[in-house]
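Examining the three-dimensional arrangement
Now for the letters of each chain:
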Amino acid sequence: MSHWPVGIYKTNYSSDEAIFHTKFVKSWVILFLVFLIVLPLIANDYILYVSNLIGISIIGAIGMNILTGFTGLISLGHAAFIGIGAYTSAILSTKLGVPFFIALPAAGLISAISGMIIGIPSLRVKGLYLLIATLAFQIIFEYFLFHSTPLTGGPQGIGIKSATLFGISFSSEGSFFYLNLVMVVLSLLFAKNLFRTNIGRSFIAIRDRDIAAEIVGINVFKTKLIAFGLSSFYAGITGSLWAYHVNSISPEHFPLWLSIRYIAMIIIGGLGSIIGSVFGAIFVIVIPEILSVFASFVDINPGILSSLQQMVFGILIIVFLIVEPDGLAELWKRIKEYWKLWPYSY
Amino acid sequence: MDYFLQLFSTGIIIGGLYAMIALGFVLIFKATGVLNFAQGPMVVMGAFIAWTSVALWKIPFFLAILLTFLLVVIFAFLVERIVLRPLIGRSIIATIMLTLGLYYILEGGIHILWGSDVRIFPTVFPKITLFLGPVIIPTTHFWGFVGGILSVIFFALFFRFSRIGIAMRAVAENQQAAMSMGVSVKKIIRISWAISAIVAAVGGVLFANISGLSPRMSEIGLMMFPVVILGGLDSVPGAIVGAFLIGIIENMAGGTSIHLLAGGPKMFYLLLY
């Protein structure tokens, strides 16, 4: 735990466990929220577009972090679960006319169930081998998407109309931003609270020493399944929001590369840290955009741009792993610590 | 029937190549416990360097191969030093992400340096076309197979009988015991990477001879997973057997997605038992 500023003392458990501890932090959070609410009125469409991507990715990154950062289960199948969510919403909405506010949670639910099914082998396999099993699932999923045309539209995918809720259609970047904002805030609050509860802490226990966790009385298998389920639920929501955002999904939206991007997000952001998921998502989304802007100034052949992005991405991952293994969250924490004690911070 | 036999024989040949590349992969895994995702791009890189030497710089083939080996080994040393050293003892996800990062750097770099056109490897092998009954084996396939088998045999003997080979097996088995016996584990790990890179390069060159040179060759890296899972992640003979099996299955089934699909359930199956 870090130091509290002078004059703050906790007199009961609930205040000790509060998410926002000081008035200082609370006021900044409120200011930030106000800023976000005002953003669509002042920003252009491109910035809103990127912000929407960031918002969607934050939800996905939180899901990934729940599974890998907090529970220690490594999975390369995240993109598949996102895809399941996206396609579920798309199919429900276009073929069955299901409205948005049902299609969204349904997507989460179906993804969660798939996640739990895929999680069943996690009883027998650990670490590396679980990774490879999830890799296998990801590949099977891609193949399935491409080849089951009647259900999923094959290589062309499915088109989906924008979300409508209470009669408002969220089809512009600005309107979608608000929807996104609500979803992100909900996801963040839920996740943050999750790790103050029993279940959340048992996830962490499994990550640290699963045999010890079993001894202490945690039903490791059941808890792992719940972790898979929750993580995939988040992935499903991510996919569903994605589908409503881009209005047309196809198998190429959910490749292995996407799973790896999410792992990169949580590693760069910080494994086992909710705010880390936010930082990581922002970082991973913004860097390629910055590169594109940079490339348009420096006049690089566009064919090279994506390869350059790949290279930069790889270099960044390696740099982060070597230099700051606990990610941006750790960096942020250190900066805060420094300023908390300034000028006595050495 | 003839068609089947043809597919079968091609499968065996491709299997030989896979065996070589899987060997490199298993080597690194056995010595260091690291899953080298970057093995695929290393194959492509080796092939491209060799191609550049032969086609652009007009170096005679034998020298070109030596040059390729040199460059590839330097690369392996660099990787081992800069990237892997800090990661000793870190969690497995860190090392995996590291090789993944390497994968993207190589993929992007190869694309930038050499573009995405398919190139033909200039003919460097003497022309031999075998006719085994109804089955035709063209030059490139023949030499690919010969190269693959020779490499595998060479390495088998190397591991069996040479000092370094035995030391490598010791390190792969138990690092601490090897250290207490006086084996320099760091040196052995470096050598493992170097050999893996060389094997990748040879595999790349042979493969490029068969099917042309393009950055898409790194799909071969993804192919490694069914192969080594089938054979067992840390078993050299297993990798060889797995390679041949996958080679045959892939060719008989025809088409890229099918073999990946076959790999998938196979992985599941194997992992559960």
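Note that the coordinates shown come from a computational prediction; the quantities given were computed from them, not determined experimentally.

Each helix and strand in chain B was counted, giving 11 helices and two strands. For chain B, the N- to C-terminal ordering of α and β elements is α-α-α-α-β-β-α-α-α-α-α-α-α. By the burial criterion, 49% of the 273 residues in chain B qualify as buried. For chain B, long-range pairs separated by at least 24 residues make up 74% of all intrachain contacts whose partners lie at least 6 apart in sequence.

Here the focus is helix 6 (residues 163–173) of chain B. All names here are of chain B. Every buried residue of helix 6 is accounted for by Ala167, Met168, Val171 and Ala172. Looking straight down helix 6, one finds that the buried residues subtend no more than 140° of arc, so they occupy a single side. Across from the buried face of helix 6, at angles greater than 90 degrees, the exposed residues are Arg163 and Glu173.

Positive phi outside glycine occurs at Asn247(A), with the angle close to 60°. The partly exposed category is assigned to Asn247(A), around which 14 C-beta atoms lie within 10 Å.

Residues and elements named next belong to chain A. Across the interface, helix 9 (residues 198–208) lies against helix 11 (residues 220–246) with an axial gap of 10 Å and an inter-helix angle of 110°. Put simply, helix 9 runs roughly perpendicular to helix 11. Across the interface between the two elements, Ile199, Ser202, Phe203 and Ile206 from helix 9 touch Val220, Thr223, Lys224, Ile226 and Ala227 from helix 11. Among the residues making up the contact of helix 9 with helix 11, the classes are represented as six nonpolar, two polar and one charged.

At the interface, 31 residues of chain B touch 32 residues of chain A. Going through the elements one at a time, helix 4 (92–114), helix 9 (219–231) and helix 11 (256–272) of chain B are the ones with two or more residues in the side of chain B that touches chain A. Examining the composition of the side of chain B that touches chain A, we find that 17 residues originate from one element, helix 4 of chain B, more than from any other. Broken down by class, the residue content of the side of chain B that touches chain A amounts to 23 nonpolar, seven polar and one charged.

Before going further, it helps to spend a moment on the confidence of the model for chain B. All names here are of chain B. Mean pLDDT over chain B works out to 77, with 82% of the residues at or above the 70 mark. Mean pLDDT values for the elements of chain B range from 52 in helix 11 up to 84 in helix 8 (residues 185–211). Of the regions scoring below 50 in pLDDT, residues 255–259 engages in seven contacts with residues more than four places distant in sequence or in other chains. Scored by ipTM, the complex comes to 0.76, with pTM at 0.83.

Reading guide: rules and limits
- Residues numbered from 1 in each chain as written.
- Chains lettered and ligands numbered in written order.
- Predicted model: local features only at pLDDT ≥ 70, side-chain atom pairs only at ≥ 80, totals over all residues.
- Helix = DSSP H or I, 4+ residues; strand = E, 2+ residues; numbered from the N terminus.
- Buried ≥ 20, exposed ≤ 12 C-beta atoms within 10 Å, placed from the backbone.
- Contact = placed C-beta atoms within 7 Å.
- Arc of directions from axis to C-beta.
- Axes fitted to C-alpha atoms, helices over the stretch in contact; angles between N-to-C directions.
- Parallel < 35°, antiparallel > 145°, perpendicular 65-115°, else oblique.
- Nonpolar A, V, L, I, M, F, W, Y, C, P; charged D, E, K, R; others polar.
- pLDDT = per-residue confidence, 0-100.

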